[in-house]
Amino acid sequence: QRVTQPEKLLSVFKGAPVELKCNYSYSGSPELFWYVQYSRQRLQLLLRHISRESIKGFTADLNKGETSFHLKKPFAQEEDSAMYYCALSDWDSNYQLIWGAGTKLIIKP
Amino acid sequence: EAGVAQSPRYKIIEKRQSVAFWCNPISGHATLYWYQQILGQGPKLLIQFQNNGVVDDSQLPKDRFSAERLKGVDSTLKIQPAKLEDSAVYLCASSLARGERSGNTIYFGEGSWLTVV
């Protein structure tokens, strides 16, 4: 079981589209999440795939064929600058979270 | 609603010394987690409690790390003796039930930053 975030750092201009990549390997049916950590704030849940919500303009679609769960936003805002973590819930291990290494998103003005 | 409280926020110790971190979860949360987050990595679960019982401590280095959750509320995580590679942020988290899943969200504390020199 593994979660991979291939980009350690992603820098885009304000107003540009954002896509944070997440790929996973899991033998069962995964439940996936995106967490965000803004500067000097605690880690918090951004969204979960099962909710199919848009939170702060972000969406993420689970693609089982490509084993991906990329986070997208059409128009980046400066307040989106943060660390973003993709995580998978492993129901085999008491729903323990398996984390990616994170991507630092910087939105340039 | 008060969040997960942790202390101390920052600690610098020399290798081979001991250190203890304290966590007070959100009131009513039965599940408590301790994570270790090394710089540049995602969090790694060290130990998970359900009330005052240990559910999972498979990744806890038991030769030097210990944790307890007396009375099923507050928890302490101890490292003795510390090594250089223990430098990390120690995150405490809590949830109503086990695991991050529909209807159950894990809430994190601000973390305790440990530097071992």
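Residues numbered from 1 in each chain as written. Chains lettered and ligands numbered in written order. Predicted model: local features only at pLDDT ≥ 70, side-chain atom pairs only at ≥ 80, totals over all residues. Heavy atoms only, no water.

**A short note on the state of the cysteines**
Put plainly, a disulfide is one covalent bond tying together the sulfur atoms of two cysteines. Residue and element names in this part refer to chain A. Let me state the cut-off plainly: Disulfide assignment relies on a single distance test, namely cysteine sulfur atoms paired within 2.5 Å. Per the convention used, a helix needs a DSSP run of H or I reaching at least four residues, while a strand needs a run of E reaching at least two, with both numbered from the N terminus.
In total, this model carries two disulfides over all chains according to the counting rule given. The disulfide bridge from Cys22 ends at Cys86, spanning 2.0 Å between sulfur atoms. On the sign convention where negative is left-handed, the bridge of Cys22 and Cys86, at about -65 degrees about the S-S bond, is left-handed. You can see Cys22 sitting in the loop between strand S3 (18-20) and strand S4 (23-25) and its partner Cys86 sitting in strand S9 (residues 82-90), a full 64 residues away along the chain.

**Notes on the interface of chain B and chain A**
Put simply, the rule reads: Here a residue-residue contact requires only that any non-hydrogen atoms of the pair lie within 4.5 Å. Here the buried area means the combined drop in accessible surface, using a 1.4 Å probe, for two parts upon being joined, counting both sides. Salt bridges are identified by distance alone: a Lys or Arg side-chain nitrogen within 4 Å of an Asp or Glu carboxyl oxygen. In protein, a polar contact requires one atom able to donate a hydrogen and another able to accept it; more generally it is a pair of N or O atoms within 3.5 Å, and residues adjacent in sequence count only if both atoms are side-chain atoms. For this classification, Asp, Glu, Lys and Arg are treated as charged, while Ala, Val, Leu, Ile, Met, Phe, Trp, Tyr, Cys and Pro are nonpolar and the rest, including Gly, are polar.
The interface of chain B with chain A comprises 26 residues on the first partner and 18 residues on the second. Summed over both sides, the interface of chain B with chain A buries roughly 1800 Å², with 47% coming from carbon and sulfur. Applying the counting criterion to the chain B and chain A interface returns one salt bridge. A salt bridge links Glu110(B) to Arg42(A); its shortest N-O distance comes to 3.8 Å. The tally of links between chain B and chain A comes to six residue pairs in polar contact (both at pLDDT 80 or more). Going through the elements one at a time, strand S4 (31-37), strand S5 (44-50) and strand S6 (53-56) of chain B are the ones with two or more residues in the side of chain B that touches chain A. Its residues assigned to classes, the side of chain B that touches chain A shows eight nonpolar, 13 polar and five charged.

**Structural notes on the pairing of strand S10 (residues 96-99) of chain A**
All names here are of chain A. Where we set the bar: Exposure is judged per residue with a 1.4 Å probe applied to protein chains only, and the accessible area is read against the type maximum: over 50% gives exposed, under 20% gives buried, and values in between give partly exposed. By this definition, two strands are paired if DSSP reports at least two bridges between them.
The two faces of S10 match: Gln96 and Ile98 on one face and Leu97 and Trp99 on the other face are all buried. Across four bridges, the pairing between S9 and S10 is antiparallel. From the neighbouring strand, Ala87 faces S10, where its bridge partner is Trp99.

**Considerations on the packing of aromatic side chains**
To describe a pair of aromatic rings, you give the distance between the ring centres and the angle between the ring planes. Residue and element names in this part refer to chain A. Operational definition: Ring pairs shown here join Phe, Tyr and Trp side chains whose ring centres sit within 6.5 Å, with only the six-membered ring taken for Trp; geometry is labelled stacked below 30 degrees between planes, edge-to-face above 60, and tilted in between.
Evaluated as defined, the whole model comprises 11 aromatic pairs over all chains. Ring plane angle 85 degrees and centroid distance 6.1 Å describe the contact between Tyr85 and Trp99, whose orientation is recorded as edge-to-face. Placement of the pair is Tyr85 in strand S9 and Trp99 in strand S10, with a sequence separation of 14 residues. Overall, Trp99 belongs to the buried group, its relative accessible area being 9%.

**Let's talk about the environment of Gln77(A)**
All names here are of chain A. Counting through the fold element by element, Gln77 comes out in the loop between strand S8 (71-73) and S9. Remark: the alpha-carbon pair of Gln77 and Lys14, spanning 63 residues in sequence, is separated by 5.3 Å. Separated by 3.0 Å, the side chains of Gln77 and Lys73 make a polar contact.

**Things to note about the sheet that holds strand S7 (residues 65-68) of chain B**
Residue and element names in this part refer to chain B. Quick note on the threshold: Interaxial angle, 0 to 180 degrees, is taken between N-to-C directions of lines fitted to C-alpha atoms, where a helix line uses only the stretch in contact.
Spatially, the four strands line up as an open sheet ordered S1-S3-S8-S7, and their pairing is antiparallel. Both edges of this open sheet fall to strand S1 (5-7) and S7, since each of them pairs with a single strand only. With strand direction ignored, the average angle separating the axes of adjacent strands in the sheet is 15 degrees. For strand S3 (residues 19-24) and strand S8 (residues 75-79), the ladder comprises five bridges, and the chain directions are antiparallel. Residue pairing across strands places Val19 opposite Ile79, the latter belonging to S8.

**A closer look at the pattern of salt bridges**
If you walk through the whole model with that rule in mind, you get seven salt bridges over all chains. Each of the salt bridges in this network shares a partner with another, and the network as a whole consists of Glu19(A), Lys21(A) and Lys72(A).

**Quick notes on the pairing of S5(B)**
Residue and element names in this part refer to chain B. Within S5, five of the seven residues are buried, which leaves the element mostly enclosed by the surrounding structure. Pairing of S4 with S5 involves six bridges; the strand directions are antiparallel. Bridge pairing in S5 links Tyr35 to Leu45. Hairpin connection from S4 to S5: six residues lie between these consecutive antiparallel strands, with Gly40 at a positive phi of about 85 degrees.

**Examining the sheet that holds strand S7 (residues 59-60) of chain A**
All names here are of chain A. With respect to topology, three strands assemble into an open sheet ordered S3-S8-S7, the strand pairing being antiparallel. Two strands lie at the open edges of the sheet, namely S3 and S7, each paired on one side alone. Sheet topology note: the S3/S8 ladder contains three bridges and is antiparallel. Bridge pairing links Glu19 to Lys72 in S8.

Geometric values such as these leave the question of function open.
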